[in-house]
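# Architecture and fold: a report
Chain by chain, the residues:
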Amino acid sequence: MALLDIIVAPDPRLKKKAAAVERVDAATAKLMADMLDTMYEAPGVGLAAPQVGVLKRIIVVDPARDEAPPAPLKMANPEIVWASVETKIHEEGCLSLPEEYEEVRRPDKIKVRYVDEHNEIRTIDAEGLLSVIIQHEMDHLEGTLFVDHISNLKRNMIMRRLTKIKKLDDAAKRHAIETT
Ligand code: NI
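Source: prediction; values computed, not measured. (Residues numbered from 1 in each chain as written. Predicted model: local features only at pLDDT ≥ 70, side-chain atom pairs only at ≥ 80, totals over all residues. Heavy atoms only, no water.)

Listed as protein donors to the nickel ion are Cys94 (SG), His136 (NE2) and His140 (NE2); their distances from the metal cover 2.1 to 2.2 Å. Read in sequence order, the donor residues coordinating the nickel ion give the pattern C-x41-H-x3-H. Highlighted residues: His136 and His140, both in helix H2 (residues 128-140), separated by four residues, approximately one helical turn. Of the two residues, His136 and His140, neither departs from the other in class, the shared state being buried. (Donors = N, O, S within 2.8 Å, 3.2 Å for Na, K, Ca; no water. Helix = DSSP H or I, 4+ residues; strand = E, 2+ residues; numbered from the N terminus. Buried < 20%, exposed > 50% of the residue type's maximum accessible area, 1.4 Å probe, protein only.)

Structure (structure tokens):
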């Protein structure tokens, strides 16, 4: 088990488009397992490779809550092949935007094709929370964050807060280095 560092916004690495995975080999499967460990540890319900600094089309999700048994999905090259016209609003958060939550409207049901950790092509139907998480994580592969779906006013407020926190953290780190 290896825990990876999660990149926190604002960071240019979160705004880049990720490249397709050619083949899910042992190294990719290991990355998927490490991403899942990192996600559970955070704790979160989804994580995309760009959030750990890897610009590849890989996401991991697990919508199981509280005492429910784990239901992890590891997906390479996920692709939405169908989405319902009907939409729903969910409150979303993101491990790269800690403590920030906003309501986002997305298609309610989707059909997703992806390559699993054994390099097999699979298709699943998702609705409810699973559908939201998959769409949120797939956005990361395009360099899109959930705040890109909300009003400029709300997004600017959130990004200003995160920028301020980052500046304080950087100053604290500099101070720690200077005093050691
Ligand atoms: Ni996210």
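Next up on the list: the pattern of salt bridges. Inspection of every chain in the model, using the stated rule, returns 13 salt bridges. In this structure, Glu142 and Arg57 form a salt bridge, with 2.4 Å as the shortest nitrogen-oxygen distance. Of the two residues, Glu142 is situated in the loop between H2 and helix H3 (152-178) and Arg57 in the loop between strand S1 (46-48) and strand S2 (58-61); the sequence distance between them amounts to 85 residues. The class of Glu142 is partly exposed, set by a relative accessible area of 36%. Look at Arg57 and you get buried, because its relative accessible area is 13%. Across the pair Arg113 and Glu79 runs a salt bridge, and its minimum N-O distance is 3.5 Å. Of the two residues, Arg113 sits in strand S6 (residues 110-115) while Glu79 sits in strand S3 (residues 73-83), which places them 34 residues apart along the sequence. When salt bridges that share partners are traced, they join Lys17, Arg57 and Glu142 into one network. (Salt bridge = Lys/Arg side-chain N within 4 Å of Asp/Glu carboxyl O.)

Moving on to the environment of Thr123. If you trace the backbone, Thr123 turns up in strand S7 (residues 121-126). By relative accessible area, Thr123 is classed as partly exposed at 45%. Expressed as a C-alpha distance, the spacing of Thr123 and Ala68, which sit 55 residues apart in the sequence, is 23 Å. In contact with Thr123, other than residues within four places in its own chain, are Lys111, Val112 and Arg113. (Contact = heavy atoms within 4.5 Å.)

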